[in-house]
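Chain by chain, the residues run as shown.
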Amino acid sequence: MTDPRDETHPWTANTDAAGAARWLADRTFVVVTTHTKPDGDAVGSTLSLARTLHSLGKRTEVWYLGALPLWLPEIAGETPVRSIERDGLPADADPDGVVLLDTGSWSQLDGLRAWLAARAERTLVIDHHLHGDGDIAAMRLLDTSAAAACQPVADVCCSLLGLPSPSRLPREVATPLYLGLATDTGWFRYSNVRPPVMRLAADLIEAGADHVDLFRVVEQQDEPGRFRLLATALSSLEFHANDRIALMSLRMEDFHRAKADATDSGGFADKVLAVRTVVAAAVLTEVSDGTQGKPPLTKISLRSKDGPAAIDVNELSRSLGGGGHARAAGARVAAPLAEARSRLLDALTKALG
């Protein structure tokens, strides 16, 4: 992974919303994509930009990697999306523009890395994460103060359409933007909520985003398997460091037994932050156990609370090869679950001092 502080490929912005819009206006065929296992911000930013470009007569395709959220079909509606795992790469996919949203890390793009690397000079990345790989795109619109990628994407959409405010955006563009903003702020509960977030949310509702229906579609459509899996995760719950650290573990067989999808463990770490003493919580998920010719791999999802004892889980995750935000981050560790757990616990304990 390229060091984002490397002088050759720094993780720094070299364009703004107006510049990104001018560049996109000159494209004829644009592929819009994001990180593997897209979440609300990834889906919201890709769909809103793709719909804006389509309204301007651009040929636009949306590509997704990894497991897709169950609510995606209802959110996407008539906007066509391609699952790389299901549909594969189209043989004639040679766009004159690629837009990578909500990530700038090669580690989050398995399955599309070679294709993207060959087109870095015609790629624009729009992201809000603190760190990334600077060589991933020739153009970089980065706003690390934003709560969601949908914030800078909203500015780009307004610039493309010549609108003075997001409140004037078409409803079909405003709706996915609101989705990304709401989900990346925990429906406006997290510490990344600041005045610009609420102003944008108000503008998007004025533009027609139905926030009540979005909450229903995204947060009230869980399958029973998710709760069976949550019960398993809670049964594995361990507290460490005077109950300040909480760890849960899930093995591949747990997903099969619960009849749960790979995306069903999302948000589990947040639930444990409700414990008064806990300052950091993590869910470790076994992706591969080292059998069937595949090396062992463990996914780690980390969350932390604000406060005087706050842990920067972005920095901690980077030490494990991952990254993210100060209060929400993750990593994929090439080790069996037990070894990854030991390494994580050691890092968390040191972070607590």
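Cut-offs and rules
- Residues numbered from 1 in each chain as written.
- Predicted model: local features only at pLDDT ≥ 70, side-chain atom pairs only at ≥ 80, totals over all residues.
- Heavy atoms only, no water.
- Phe/Tyr/Trp six-rings, centres within 6.5 Å; stacked < 30°, edge-to-face > 60°.
- Helix = DSSP H or I, 4+ residues; strand = E, 2+ residues; numbered from the N terminus.
- Buried < 20%, exposed > 50% of the residue type's maximum accessible area, 1.4 Å probe, protein only.
- Lys NZ or Arg CZ within 6 Å of the ring centre and 35° of its normal.
- 1 Å grid on protein atoms, 1.4 Å probe; cavity = no way out; pocket = protein on both sides within 12 Å on 5 of 7 lines; lining within 4 Å.
- Points joined across faces, edges and corners; volume = space filled by probe spheres on them.
- Pairing = 2+ DSSP bridges.
- Contact = heavy atoms within 4.5 Å.
- Axes fitted to C-alpha atoms, helices over the stretch in contact; angles between N-to-C directions.
- Parallel < 35°, antiparallel > 145°, perpendicular 65-115°, else oblique.
- Left-handed = near helix turned anticlockwise from the far one by under 90°.

Before going further, it helps to examine the packing of aromatic side chains. This model, assessed by the stated rule, comprises 3 aromatic pairs. Note on W187 and F215: the rings are 5.0 Å apart at their centroids and 80 degrees apart in plane angle, and the pair reads as edge-to-face. Of this pair, W187 sits in the loop between α7 (171–184) and α8 (195–206) while F215 is found in helix α9 (residues 211–219), placing the two residues 28 residues apart along the sequence. Classification of W187 as buried rests on a relative accessible area of 18%. Take F215: its relative accessible area is 34%, and that puts it in the partly exposed class. In this arrangement the basic side chain of R59 is found over the ring face of F29, its NZ or CZ atom lying 3.7 Å from the centre.

Quick look at the layout of surface pockets now. Taking a probe equal in size to a water molecule and rolling it over the atoms shows the remaining empty space. When its volume is computed, the second largest pocket comes out at roughly 600 Å³. Along the wall of the second largest pocket there are 24 residues; nearest its centre are K37, A262, V287, L297 and R332. Sorting the residues of the lining of the second largest pocket by element identifies α11 (252–258), β9 (280–288) and β10 (297–304) as the ones contributing at least two each. The dominant element in the lining of the second largest pocket, judged by the number of residues it contributes, is β9, at 4 residues.

Take the sheet that holds strand β12 (residues 328–333) next. Strand order in the open sheet made by the 6 strands is β7-β8-β9-β10-β12-β11, with mixed pairing throughout. The open sheet terminates on both sides in strands that have one partner only, identified here as β7 (238–240) and β11 (323–324). Here 3 bridges tie β7 to strand β8 (residues 245–250), and the two strands are oriented antiparallel to one another. From the neighbouring strand, E238 faces β8, where its bridge partner is L247. Across the sheet, helix α14 (residues 337–352) touches β7, β8, β9, β10 and β12, and the angle it forms with β8 is around 165 degrees.

Turning next to the environment of G44. Position of G44 relative to the elements: it lies in helix α2 (residues 40–55). Once residues within four sequence positions are removed from consideration, G44 is found in contact with C150, P176, L177 and L179.

Right, let's talk about the pairing of β12 for a bit. Looking along a regular strand, one sees side chains alternate from face to face of the sheet. Here β10 runs beside β12; their pairing, made up of 6 bridges, is antiparallel. Within β12, the residue paired with I300 across the bridge is A331. In this sheet, β12 lies alongside β11 in antiparallel orientation, the contact comprising 2 bridges. Bridged to G323 within β12 is G330. Counting the residues between successive antiparallel strands, the hairpin from β11 to β12 contains 3 residues.

Moving on to the packing of helix α6 (residues 150–161) against α8. Helix-helix packing is characterised by the crossing angle of the two axes and by the distance between the axes. At a minimum axis distance of 11 Å, the contact between α6 and α8 shows a crossing angle of 50 degrees. Accordingly, the angle class assigned to the pair α6 and α8 is oblique. α6 and α8 meet at a crossing whose hand is left-handed. Here C150, Q151 and A154 of α6 come into contact with α8, specifically with P196, V197 and L200.

Bringing unusual backbone geometry into the picture now. We note that F188 has phi near 70 degrees; this positive angle belongs to a residue other than glycine. Relative to the assigned elements, F188 resides in the loop between α7 and α8. Note on F188: relative accessible area 21%, which makes it partly exposed. You will see that D243, though not glycine, has its phi angle at about 65 degrees, which is positive. Counting through the fold element by element, D243 comes out in the loop between β7 and β8. Owing to a relative accessible area of 39%, D243 belongs among the partly exposed residues under this scheme.

All we've got here are geometric facts, nothing functional implied.
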